[in-house]
Amino acid sequence: MSAAPHSTESLPVLSAGIRSFTYHGDGLPVLEGIDLDLAPGTLTAVLGASGSGKSTLGRLLSGWLPPGTGGTLRGFLELAGTRLEFGAGGDPRINPAEWGRHVGFVPQDPAAVLSTVRATVAEELAFGLENAAVEPQAMKAAAEHTAALLGLTEFLERDPGSLSGGQMRRLAIGCAIIAGPRVLIMDEPFASLDTAGTAGLARLLQGLVRLGTAVVVLSQVVDAPLLAAGTWVVLENGSVTGSGTPAGLQAGSGLLPPGIRASGGAPAPAVDHAGAAHADRLLPRGGAGVPALELRGVCFGYGTRGNAANGRTTWRRIRGGSTAAHASAQVLQGISLRVRRGEIVAVTGPNGAGKSTLLRHVNGLLRPTAGRVLVNGRDIAGEPAGEAARSVGLLFQQPRDQLFERTALREVRFGLDRLFHPDEAAGRALEALSAVGLAGASDAHPAELPASGQRLLALATVLARKPAVLALDEPTVAMDGGGLALLDAAVRSAAGEGAAVVLVTHDLDYARAVAHRVVTLDGGRLDG
Amino acid sequence: MSPSLTMPAPAPAAARKRRLLEILGAVAIAATYIYLVLNQPADITGGPGSASALIALSGFLAGAILLIVAVLPALPASSVVLIPVALVLNIVLGQFVGSTLVPFYLDAIGTVLIAVLAGPAAGAATGALSSIVWSFFNPTVLPFAAGAALIGCLAGLAARHGMFRRFYLAPVAGFVTGIIGGVVSAPVAAFVFGGTSGVATGAIVSAFRSMGDTLLAAITKQALISDPMDKAIVFTVVAVLAYALPRRARLQFPFVRRHRVLAGTTPGQDS
Amino acid sequence: MRLHPLTSLAAAGSTAVITTAAASLPLSLAVMGAAVALSARSGTARRLLPAAAAVLLPLGLSLLVMHGLFFPEGRTVLAQWGMARVTAEGLAFALERAAQLGAVVLALLVFSFSVSVPDLVAVLSSRGLHGRFAFVLASTLTLLPAITSRVERIRQAQESRGLVVRRGLLHRAAAFRLQAVPLVLSLIEDAGTRTAALEARGFSNPGPRTSYRAVPDPRGQRVLRAALLAAAAAAVAARLLLTQAGS
Ligand SMILES: Nc1ncnc2c1ncn2[C@@H]1O[C@H](COP(=O)(O)OP(=O)(O)O)[C@@H](O)[C@H]1O
Ligand SMILES: [Mg+2]
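Note that the structure is a prediction, hence the values are computed from the model and not measured.

(A) Region of interest: the overall build of chain B. When you go through chain B residue by residue, the secondary structure sums to 11 helices and zero strands. For chain B, the α and β elements follow one another from N to C terminus as α-α-α-α-α-α-α-α-α-α-α. Among the 271 residues that make up chain B, the fraction classed as buried is 58%. Within chain B, contacts between residues at least 6 apart in sequence are counted, and of these 69% link residues at least 24 apart. With the model as given, the accessible surface of chain B reaches about 10000 Å², and the carbon-plus-sulfur share is 70%.

If you want it as structure tokens, here you go:
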């Protein structure tokens with residue numbers, strides 16, 4: 001794939017020789033022994049489990065984590081023929097703006113790159129050019145060109161804060177490439193994109209590579225577009241443990257650590273989980289008795305609830321602001337769903353179909369405008385969400401909102417004392433932690449766990465209560481291979497003990513692998 | 001044209017100019033305060049004392065603006081990006097606590113948090129900017145910019161000298177900061193507003209007035225009752241928040257590393 | 001004709017300064033009336049009046065109680081209950097002060113509710129300090145609704161974990177800690193990422209900048225601005241001279 005017409009012989013535009021990199025205040029280095037050469041017109045994938053150091057490496061290469069301010073680097077970075085040596089005393093200080101003209105970076109959370117001071121997508125795109133004193137005419141042309149490349153033309157006059165997740169990621173890419181950097185580094189760009197979004201992004205990357213950009217994708221999942229990469233670099237615990245062509249690395253078994261998973265759910269080395277067949281055995285027979293969860297004709301629309309007239313309209317939508325399109329559209333139109341004890345049901349659908357909205361009805365965070373929600377045959381209409389949480393455990397897409405304690409153990413114990421005898425509570429907490437493989441991290445600060453670990457910790461807090469209904473929002477996003485295997489095991493054993501599980505995912509392969517039943521939410525209705 | 005990939009060394013002349021502006025700002029605030037306190041008896045009852053109102057307004061505001069001009073360009077970008085966050089925290093957390101603990105304003109949580117994490121200069125800029133930006137919605141807070149800058153600066157100094165290393169010292173530092181801040185802000189309330197903006201605080205002022213105090217004396221005494229308690233609570237809340245942050249998030253701030261602001265964070269290897 | 005943001009700022013500012021300097025009840029009342037009429041004409045009154053009331057009602061009430069009932073300097077006693085003495089001087093003082101503050105507040109709010117923030121930011125963003133000040137202003141206005149909805153999201157996530165906020169000071173204080181910690185932590189993390197993103201896009205560039213958004217500044221308005229500022233300065237000077245002469 002690196003056979004771009006004019007770049008076969010070219011020298012690397014960015015090279016790094018990292019002997020070690022240590023964050024301030026940490027004893028041990030996070031990165032060790034990494035040598036990397038990025039040539040123009042190539043696509044490189046850096047693959048590694050959650051916490052293996054991909055993001056750290058990406059930010060270091062792109063000047064987002066300048067050595068000195070962010071941590072201590074020993075080694076060198078060489079960009080466009082300038083070599084900077086670090087760790088020998090009198091370290092140079094990187095000029096992030098100049099570095100940024102050559103190397104663009106798109107972080108894991110694209111919303112965080114927004115300047116927050118520009119009113120339209122066009123101006124947001126132009127922000128970097130304004131700071132470089134580019135002439136207005138040239139800026140306009142560049143913004144329009146970039147937007148066309150990313151399929152954002154129709155959103156040029158929109159408020160950047162009102163974009164959806166996928167559009168936001170494209171905008172973040174646009175901000176990174178508008179100045180025409182020679183290197184583009186992207187951190188987990190395919191996470192949470194549906195099939196259409198992934199294909200669109202893959203086309204964009206191919207275009208950039210053809211034009212001579214050195215593109216680097218950091219990922220814990222071998223997404224389909226990465227199979228076309230020229231080089232794979234495998235990162236494990238901060239060190240490179242293998243590199244070469246995709247074919248070579250995939251063939252030699254054991255070269256890819258289990259933390260890296262193939263897209264579609266199953267861990268990368270084709271370990272046969274015998275997904276559906278295995279699950280079928282556990283499915284309790286005889287649908288007698290009340291279902292653990294039942295939705296009867298649930299309807300819901302955001303507009304009707306008068307989403308607290310927020311100040312945003314007052315201050316920001318001054319010009320050409322087309323207000324959010326869903327204003328009063330019905331998101332859910334008569335949803336009916338029965339989930340028996342021990343059954344795992346997956347709800348799939350494209351981005352924006354209302355999957356998360358549906359899930360929030362299960363424990364009363366959102367109330368249906370028509371229809372009823374019954375848990376164990378009891379209508380939860382009058383019950384505050386905090387009370388319904390006794391029997392319904394809901395795991396959010398973004399775990400960090402759900403975590404607030406100082407250590408993982410305290411996190412899991414939170415609220416257990418009110419439900420169980422103290423001794424039992426302590427036992428349950430430890431049991432839940434080890435069920436998700438975090439027994440060794442019980443003293444760690446939840447926010448310092450890698451993304452996968454935070455997910456699992458949030459799951460443990462829910463499991464410790466042994467809820468009758470377990471509801472999971474996009475459990476695969478931000479999960480590495482090891483984490484997903486633990487999650488699968490924990491969910492199956494919860495179902496085996498009689499919990500009804502509803503999980504929402506855009507990943508159809510994964511849904512088929514774990515669930516007894518897959519239903520699709522589209523246009524506000526369920527089918528399947 | 002390919003400018004260097006590394007940063008140039010900062011120019012000493014610019015630093016000297018900023019120091020001068022800082023001093024000018026502080027002098028403007030101090031001079032205004034002294035002038036108002038010395039001249040107050042003649043003016044207040046002779047009709048709405050518009051001359052003193054103008055002097056209070058312009059003196060304090062000019063001082064605050066000079067401080068901003070001196071400090072803001074020199075702050076690292078990481079602190080500048082935190083300032084809007086602090087302003088929103090002032091508002092959002094202030095509302096939350098304000099609805100629970102009625103008699104206080106608690107509108108400086110964000111300012112003090114930034115001061116603790118990023119130092120006195122960032123704290124002062126945050127305080128002053130908080131008043132100026134908030135006056136977009138409520139113009140009456142504009143004249144208090146100097147007082148708010150002082151609070152932010154004092155909080156940063158307290159943090160630098162280890163007042164946040166022991167949990168019980170934080171409220172003490174807050175109490176002292178509140179006394180100073182209250183005394184400095186009182187002339188603004190007296191001369192610009194002729195009173196206070198809240199009904200509860202107004203009642204306290206009325207009580208002192210009924211004993212025959214001048215307006216400035218009554219408002220100063222009222223400030224000495226509410227402000228120290230208020231700031232003691234704010235400092236405590238900030239200490240709770242700062243210690244709840246993971247080590248990694250705290251150590252990301254050079255100020256915290258260099259001055260060992262919070263207990264349990266070893267001084268960094270750098271400088 | 002669309003006003004340049006700085007022109008409307010100068011108009012509001014000099015109105016505020018002149019009313020304060022004049023300290024005359026009729027002028028204050030006239031300015032209040034004009035401000036309300038102006039915002040009604042531009043269609044912002046529905047948002048402006050509640051905001052103004054939230055500021056002015058407690059302030060006015062406080063002044064009325066404070067000076068209406070207790071004004072030791074007052075001579076003309078209208079009524080007396082124990083310690084409290086209603087004096088004509090006290091009432092007049094409260095009324096004049098309230099009107100004067102009302103005029104200032106309304107004039108400035110008319111500006112903030114009518115100005116186009118993006119235009120104002122574009123004008124201020126020329127360079128250096130202005131750019132950073134504009135950043136703080138605009139970023140705060142953007143973050144305020146975003147963070148309010150994040151607080152809501154955190155509350156939802158925690159309720160799903162069984163958090164029930166009960167009545168009572170201690171319970172609420174504990175709930176406050178639980179919600180404030182993830183909020184502050186995520187804001188600080190995001191600010192770190194945003195800093196890196198802004199730096200990479202030249203936020204701290206010392207050189208000149210250009211602006212994507214064009215805000216026309218006709219000559220007439222520049223002259224008008226100068227005139228407004230001169231008028232404000234003259235009013236202040238006149239007031240100071242009169243005070244000098246009077247004492
Ligand atoms: N700001 C930080 N300070 C200290 N340690 C960090 C910081 N960010 C990440 N780490 C640690 O560095 C390691 C690599 O993290 P990261 O680069 O985010 O990995 P990945 O992107 O592969 O998940 C992890 O052990 C993580 O805990
Ligand atoms: Mg990462």
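(B) Just the nonpolar core, in detail. Within the largest apolar cluster, 132 residues are counted, with the highest numbers of intra-cluster contacts made by Val112, Phe136 and Phe164 of chain B. Taken domain by domain, this core gets at least three of its residues from each of domain 1 (5-115 + 218-246) and domain 2 (121-200) of chain C. Among the nonpolar cores identified, the runner-up in size contains 83 residues, and Ala214, Leu218 and Leu235 of chain A together with Ala197 of chain C belong to it.

(C) Region of interest: the packing of helix α3 (residues 45-69) of chain C against helix α4 (residues 88-114) of chain C. Residue and element names in this part refer to chain C. The geometry of α3 relative to α4 is characterised by a closest axis approach of 9 Å and an angle of 165° between their N-to-C directions. By the criterion of interaxial angle, the relationship of α3 to α4 is roughly antiparallel. At the point where α3 passes α4, the crossing takes the right-handed sense. Residue classes in the contact of α3 with α4 are distributed as 18 nonpolar, four polar and two charged.

(D) Layout of the environment of Arg390 of chain A. All names here are of chain A. Mapped onto the secondary structure, Arg390 falls in the loop between α11 (385-388) and β18 (392-395). Once the C-alpha coordinates of Arg390 and Gly87 are considered, the two residues, 303 residues apart in sequence, prove to be 54 Å apart. If near-sequence neighbours (up to four positions away) are discounted, Arg390 is found in contact with Arg418, Leu419, Arg465 and Pro467.

(E) Here's a closer look at the interface of chain B and chain C. Taken together, the contacts link 72 residues of chain B with 68 residues of chain C. The junction of chain B with chain C conceals about 5900 Å² of combined surface from both sides, 81% of it contributed by carbon and sulfur atoms. At the junction of chain B and chain C, the tally comes to zero salt bridges. For the interface between chain B and chain C, the tally reads five residue pairs in polar contact (both at pLDDT 80 or more). Taken together, the elements giving at least two residues each to the side of chain B that touches chain C come down to α2 (50-71), α3 (77-100), α4 (109-118), α5 (120-134), α7 (169-193), α8 (199-210) and α9 (215-244) of chain B. A per-element tally of the side of chain B that touches chain C places α3 of chain B first, with 18 residues.

(F) The interface of chain A and chain B, seen in detail. On the side of chain B, 18 residues touch chain A, which itself brings 20 residues to the contact. The interface formed by chain A and chain B includes zero salt bridges. Elements that contribute at least two residues to the side of chain A that touches chain B include exactly β5 (82-86) and α2 (96-102) of chain A. Ranked by the residues each element gives to the side of chain A that touches chain B, the list is headed by α2 of chain A, at five residues.

(G) Structural context of the pattern of salt bridges. If you walk through the whole model with that rule in mind, you get 30 salt bridges over all chains. A salt bridge links Arg410 of chain A to Glu405 of chain A; the nearest nitrogen and oxygen atoms lie 3.3 Å apart. Taking relative accessible area as the criterion, Arg410 of chain A reaches 38% and is therefore assigned partly exposed. The exposure class assigned to Glu405 of chain A is buried, which follows from its relative accessible area of 9%. Of the charged contacts in the structure, one is a salt bridge between Glu152 of chain C and Arg155 of chain C, with a shortest N-O distance of 2.6 Å. With a gap of three residues between them, Glu152 of chain C and Arg155 of chain C both fall in helix α6 (residues 128-159), about one helical turn apart. A relative accessible area of 36% means that Glu152 of chain C is categorised as partly exposed. Take Arg155 of chain C: its relative accessible area is 27%, and that puts it in the partly exposed class.

Scoring rules and cut-offs
- Residues numbered from 1 in each chain as written.
- Chains lettered and ligands numbered in written order.
- Predicted model: local features only at pLDDT ≥ 70, side-chain atom pairs only at ≥ 80, totals over all residues.
- Heavy atoms only, no water.
- Helix = DSSP H or I, 4+ residues; strand = E, 2+ residues; numbered from the N terminus.
- Buried < 20%, exposed > 50% of the residue type's maximum accessible area, 1.4 Å probe, protein only.
- Contact = heavy atoms within 4.5 Å.
- Areas by Shrake-Rupley, 256 points an atom, 1.4 Å probe, with all protein chains shown as cover.
- Core = buried A, V, L, I, M, F, W, Y, C linked by side-chain atoms within 4.5 Å.
- Domains from an automatic or database assignment.
- Axes fitted to C-alpha atoms, helices over the stretch in contact; angles between N-to-C directions.
- Parallel < 35°, antiparallel > 145°, perpendicular 65-115°, else oblique.
- Left-handed = near helix turned anticlockwise from the far one by under 90°.
- Nonpolar A, V, L, I, M, F, W, Y, C, P; charged D, E, K, R; others polar.
- Buried area = accessible area lost by both parts, 1.4 Å probe.
- Salt bridge = Lys/Arg side-chain N within 4 Å of Asp/Glu carboxyl O.
- Polar contact = N/O pair within 3.5 Å; in protein donor to acceptor, adjacent residues only side chain to side chain.

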